[in-house]
Amino acid sequence: MIDYTATLNEAQYEAVTSGDGPVLVVAGAGSGKTRTIIYRLAWLVEHGTPPESILLLTFTRKAAHEMLHRAGLLLGAGLSRTQGGTFHAFAYGALRANHPLWLNGRPFTLMDASDITDAIRHCKEALKLGRGDRSFPKTQTIAGFFSKARNKELPLADVLEREAFHLLPHSEALVSLEVAYTAWRREKGLFDYDDLLFELEGLLADETAARILRRRFTHILVDEYQDTNRVQARITRLLAGVRAAGEVGADPCNVMAVGDEAQSIYAFRGADVRNILDFQKIFPGTRVIRLEENYRSTKPVLEVANSLLANAAESFHKTLFTRTEGGDPVRLVMPLSDMSEATLVVRRIRELLDIYLPHEIAVLFRAGFHSYHLEMALQQAGIAFRKYGGLRYTEAAHVKDIVAYARLVLNLLDMPAFARVAALHSGIGPKTVQKVYAALSLCDPAITSKALARYPGLQEDIGFVDKLRALQQKPEDIFSAVLEHYFPKLEFLYPDDWPRRRQGLEEIIQMAAGYAELDIFVADLALESPEADGSDNENRITLSTVHSAKGLEWNAVLIIDLVEDRFPSRHALARPDDFEEERRLMYVACTRARKNLDLYAPASIYSRATRGNLYVSQSPFVRELPLGLAEEWVESLGGTLTRRKISHPARSPHPSCDSLRNTEGEPARSPACGACRHRIFGRGKIVKHLPPDKVQVNFPGFGLKIILAEYLLMED
DNA sequence: GGATAACTGGTTTTT
DNA sequence: CCAGTTATCC
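Values in this document were obtained by computation on a predicted structure and should not be read as measured data. (Residues numbered from 1 in each chain as written. Chains lettered and ligands numbered in written order. Predicted model: local features only at pLDDT ≥ 70, side-chain atom pairs only at ≥ 80, totals over all residues. Heavy atoms only, no water.)

Q: Which parts of the structure should I look at to understand the packing of helix α19 (residues 415–423) against helix α20 (residues 430–440)?
A: The geometry of a pair of packed helices is captured by two quantities: the angle between their axes and the separation between those axes. At a minimum axis distance of 10 Å, the contact between α19 and α20 shows a crossing angle of 130 degrees. Considered as vectors, α19 and α20 are oriented oblique to each other. Of the two possible hands of crossing, α19 and α20 adopt the one that is right-handed. Here Met415, Phe418, Ala419 and Ala422 of α19 come into contact with α20, specifically with Val433, Gln434, Val436, Tyr437 and Leu440. Its residues assigned to classes, the contact of α19 with α20 comprises eight nonpolar, one polar and no charged. (Axes fitted to C-alpha atoms, helices over the stretch in contact; angles between N-to-C directions. Helix = DSSP H or I, 4+ residues; strand = E, 2+ residues; numbered from the N terminus. Parallel < 35°, antiparallel > 145°, perpendicular 65-115°, else oblique. Left-handed = near helix turned anticlockwise from the far one by under 90°. Contact = heavy atoms within 4.5 Å. Nonpolar A, V, L, I, M, F, W, Y, C, P; charged D, E, K, R; others polar.)

Spelled out as structure tokens, the structure:
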């Protein structure tokens, strides 16, 4: 038997050992949330719950696997029969077993990100929309809005009105494009990410199907509940069932949701914090347990994190505490440019490598491309890294090529895969693809062979795929056959860099080896690519977007590019809600650090457009940092860092005029204060004078701030 | 008409 | 670095 009291605190113990009924665990950053889930899994199994009756829904498959693995270690027995993964992966599995009726028995295929943009581009061309119109949004942007509308469950026109005022002239065109895209998916049997969730909900709407799943999964655990969207919350409810007060029915309603509203960072894709705030209303009789003590970070790190939340909108106020004292100070480094930032970060990583192993160090940033300079500098310095977020292994063209062959083995009428394989042959472009596909979809051997006769290369490929299908092999054997078939083409397809692409292509066979079913493997590739290389990860530092760093932790964390327009992102400055999400994102980034936290705010950023360095404002999250919370280091020419004890007046703790542009794109200013003749940056208004040297200012949408008068402009 | 080469301008975050 | 556009070639 496991000794639960030895390693758990009181609140954790209560969560782990709670009996039947709904439970909500509100777990602050670093409060032992993962440990709690692991022990909960072990406790359930130890107290008679069959492992296969537990469903663990997490944010990444990796998180689920790790928790199950560690719970298995505790128990001394594997938890391989427990299902764990993302909502999307679970939905795929459920729909695979219960085909939606409207498909009429046809196979369905999961689209990956590029399939989605390709499909939208195709519809856009078919409808002749936005041709040569520079103001028409990019296909990827359109895909983003389509998905956002569905995740927020709002009409597309409403989303555009709220979030993309400048696209309103195209509203009608985009709505018709959305209709066409939906029709295209249904016609071709294609599911995008959002379809998975809504189709699963549709499945659960059938009471018989829902009851079967409820009986199968008597205990449901949902991690990162603050980042679920509305349909995911409804799915949770449908899977758990709801018992009215006092009722003892068939629905077990053993659901445990774990989350932290201060770490909600996915509102952009429809995550709704109300799911966690309203949990008790949805599930009557919920037991709420709070984990508040932080075991992860040192005091200096927590003070910075707490200060970020102290400036947040009301509902997110929260303070983490630790019983441990001491720890290195948080460092705020101000390089001259993003180029020298890369140099300084490399230098700092060298220092940290004397103390920590590579895998205990991470560099975090707001967007994938922010790390380009650093990636080059690390390469030159010979420091190995792996990058999360941004381009993935499975998004490389040559990997998509082989996966496309595998998808055709599953389903010859998989439109995106067919288009990809067909276009590998010279002389076949988009139009020919459409023609040949139309002929193939009639499923008449005579017509098929006639259509293919004109394209011998493609005919050979189709023959190869048909043969492979007939053999009914294991996924790894199918991929080795595909590789053998594909290798000779590689040199011709990618003359510039085929040797590089050849490297690591065989890894896909290793990845496939863990799977018994080809379609599940292919679906997983689209949902979340497995670790590309498991070999020397211990010897690499981590580069990651903050979003991809969620749920992870390192001894040393460096956050780069803390400047306005980057972190917070330019797009977030228009609306206060988005700005608040950036703040929580910064909070998530800081709370990843166990011992060392370095913040980098370069004074300038290289811009291609002007072929020079542009001076930039520091991120408001840096400017608002109270003096004394971080040690400040300034770079001077020549790359030397100097410790700065007194803060510069430019370090004003409020958004600058740049970050408070109105919709016309002009910096807005209020008139000078009648009493003191001071002017405020942006739209701020002085509401109170606090003698001798401070004023209270209200920034519409950002709230009240107290500011030193010397930071303000005098009317001239 | 349709495929491919050359060019240009602009980058959020993810399943 | 990559998607979308225009120019050129079959």
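On we go.
Q: Would you mind showing me how to read the confidence of the model for chain A here?
A: When pLDDT drops low, the exact placement of atoms in the prediction is not to be read closely. Confidence in the prediction for chain A averages 85 pLDDT; 86% of positions are at 70 or higher. Under a pLDDT of 50 for its full length, residues 648–669 has, in the predicted model, 51 contacts with residues more than four places off or in other chains. (pLDDT = per-residue confidence, 0-100.)

Q: What exactly am I supposed to notice about the sheet that holds strand β7 (residues 254–259) here?
A: Backbone-to-backbone hydrogen bonds pair the strands of a sheet. The strands run either parallel or antiparallel. Across the sheet, which stays open at both edges, the six strands sit in the order β3-β2-β6-β7-β1-β8 with parallel pairing between neighbours. Two strands lie at the open edges of the sheet, namely β3 (83–85) and β8 (287–291), each paired on one side alone. Strand-to-strand twist of the sheet, defined as the mean angle between neighbouring strand axes without regard to direction, takes the value 10 degrees. With four bridges joining them, strand β6 (residues 219–222) and β7 adopt parallel strand pairing. Bridging from a neighbouring strand, His219 pairs with Asn254 of β7. (Pairing = 2+ DSSP bridges.)

Q: I keep staring at the pattern of salt bridges and nothing clicks. Help me out?
A: Opposite charge on two side chains permits pairing when their charged atoms draw close. Enumeration according to the criterion identifies 45 salt bridges in this entry. A salt bridge links Asp192 to Arg185, with the shortest nitrogen-to-oxygen separation between them at 3.7 Å. Of the residues examined, Asp192 reaches a relative accessible area of 4% and is grouped as buried. Among the residues examined, Arg185 registers a relative accessible area of 5% and is labelled buried. Where Asp195 meets Arg185, a salt bridge forms, and the shortest distance between an N and an O atom there is 2.7 Å. (Salt bridge = Lys/Arg side-chain N within 4 Å of Asp/Glu carboxyl O. Buried < 20%, exposed > 50% of the residue type's maximum accessible area, 1.4 Å probe, protein only.)

Q: What exactly am I supposed to notice about helix α10 (residues 193–205) here?
A: Count 3.6 residues to each turn of an α-helix, and residues three or four apart come out pointing the same way. When the terminal C-alpha atoms of α10 are compared, their 19 Å separation across 13 residues agrees well with the 18 Å that a helix rising 1.5 Å per residue should span. Residues of α10 that are buried: Asp194, Asp195, Leu196, Leu197, Glu199, Leu200, Glu201, Leu203 and Leu204. (Expected span 1.5 Å × (residues − 1).)

Q: Looking at this model, I keep getting lost on the side chain of Thr117. Mind explaining?
A: When you line up the elements, Thr117 lands in helix α6 (residues 113–126). We classify Thr117 as buried; its relative accessible area is 10%. With near-sequence residues (within four places) excluded, Thr117 lies in contact with Thr139, Gln140 and Ala143.

Q: Sorry if this is basic, but what is going on with the packing of aromatic side chains here?
A: Working definition: an aromatic ring pair is given by the centre-to-centre distance plus the angle between the planes. Taken as a whole and assessed by the stated rule, the structure comprises 17 aromatic pairs. Between Tyr92 and Phe108, the aromatic rings sit 5.7 Å apart at their centres with planes inclined by 65 degrees, giving edge-to-face as the arrangement. With Tyr92 in helix α5 (residues 87–97) and Phe108 in the loop between α5 and β4 (109–110), this residue pair connects regions lying 16 residues apart in the sequence. Here Tyr92 and Phe108 have matching classes, each one buried. Look at Tyr225 and Phe279: their rings are 5.4 Å apart centre to centre, the planes differ by 90 degrees, and that puts the pair in the edge-to-face class. Of the two residues, Tyr225 is situated in the loop between β6 and α12 (230–240) and Phe279 in helix α14 (residues 279–282); the sequence distance between them amounts to 54 residues. Given the relative accessible area of 2%, Tyr225 is considered buried. Note on Phe279: relative accessible area 1%, which makes it buried. (Phe/Tyr/Trp six-rings, centres within 6.5 Å; stacked < 30°, edge-to-face > 60°.)

Q: Where do I start with the domain arrangement of chain A in this structure?
A: Interface size, as often reported, equals the accessible area lost upon joining of the parts. When its domains are assigned, chain A resolves into domain 1 (4–99 + 195–293), domain 2 (109–188), domain 3 (306–390 + 535–643), domain 4 (393–527) and domain 5 (675–715). Taken together, the contacts link 13 residues of domain 1 with eight residues of domain 2. Of all residues in domain 1, the largest losses of buried area upon contact with domain 2 belong to Asp195, Phe198 and Arg230, amounting jointly to 44% of the total for that side. Put simply, Arg234 and Glu153 hold a salt bridge, and the shortest N to O gap is 3.1 Å. For the interface between domain 1 and domain 2, the tally reads five residue pairs in polar contact (both at pLDDT 80 or more). Elements with a minimum of two residues in the side of domain 1 that touches domain 2: α10 and α12. The leading source of residues in the side of domain 1 that touches domain 2 is α10, at four residues. When the residues that make up the side of domain 1 that touches domain 2 are grouped by side-chain class, the tally is six nonpolar, two polar and five charged. (Domains from an automatic or database assignment. Buried area = accessible area lost by both parts, 1.4 Å probe. Polar contact = N/O pair within 3.5 Å; in protein donor to acceptor, adjacent residues only side chain to side chain.)

Q: What exactly am I supposed to notice about the environment of Gln434 here?
A: Tracing the chain through its elements places Gln434 in helix α20. A relative accessible area of 28% places Gln434 in the partly exposed class. For Gln434 and Ala419, which are 15 residues apart along the polypeptide, the C-alpha to C-alpha distance reads 8.1 Å. Not counting residues up to four positions away in its chain, the partners in contact with Gln434 are His122, Trp184 and Met415. A distance of 3.4 Å separates polar atoms of two side chains, one belonging to Gln434 and the other to His122.

Q: I tried to follow empty space enclosed by the protein on my own but got confused; where do I start?
A: Counted according to the given criterion, the structure contains five cavities of 30 Å³ or more. Of the pockets and cavities examined, the largest cavity occupies roughly 70 Å³. Lining the largest cavity we find Asp338, Glu341, Ala342, Val345, His370, His373, Leu374, Ile560, Asp561 and Arg566. Sorting the residues of the lining of the largest cavity by element identifies α16 (338–355) and α17 (372–381) as the ones contributing at least two each. Tallying contributions element by element places α16 first for the lining of the largest cavity, with four residues. (1 Å grid on protein atoms, 1.4 Å probe; cavity = no way out; pocket = protein on both sides within 12 Å on 5 of 7 lines; lining within 4 Å. Points joined across faces, edges and corners; volume = space filled by probe spheres on them.)

Q: Whenever I open this one, the environment of Val622 confuses me. Can you help?
A: Among the structural elements, Val622 can be located in helix α28 (residues 620–623). Under the relative-accessibility criterion, Val622 is labelled buried at 0%. Considering only alpha carbons, one finds Val622 and Tyr600, 22 residues apart in sequence, at a separation of 9.2 Å.

Q: How should α20 be read in this particular structure?
A: Every buried residue of α20 is listed here: Thr432, Val433, Val436, Tyr437, Ala439 and Leu440. Axial view of α20: buried residues confined to an arc of 160 degrees, hence all on one face. Seen from the open side of α20, the exposed residues pointing more than 90 degrees away from its buried face are Pro430, Lys431 and Lys435. Close packing links the buried residues of α20 with α9 (171–188), α19, α21 (445–453) and α22 (456–471). (Arc of directions from axis to C-beta.)

Q: Could you clarify how one ought to interpret the nonpolar core in this entry?
A: One broad trend across soluble globular proteins is that nonpolar side chains are buried collectively. The biggest cluster of nonpolar side chains holds 70 residues, and the ones touching the most others in it are Phe418, Leu458 and Ile508. Counting the residues that make up this core, at least three belong to each of domain 2 (109–188) and domain 4 (393–527). (Core = buried A, V, L, I, M, F, W, Y, C linked by side-chain atoms within 4.5 Å.)

Q: Any chance you could explain unusual backbone geometry here in plain terms?
A: Residues other than glycine predominantly adopt negative phi, and peptide bonds predominantly adopt the trans conformation. Cis geometry is adopted by the peptide bond preceding Pro568, which originates at Phe567 and carries an omega value of 10 degrees. Checked against the element boundaries, Pro568 lands in the loop between β13 (554–559) and α27 (576–590). A positive phi is found at Glu153, a non-glycine position, where the angle reads about 55 degrees. Secondary-structure assignment places Glu153 in the loop between α7 (139–152) and α8 (156–163). According to the relative accessible area criterion, Glu153 is partly exposed, its value standing at 27%. The phi torsion at Cys443 lies on the positive side, around 55 degrees, for a residue other than glycine. Under the relative-accessibility criterion, Cys443 is labelled exposed at 58%.

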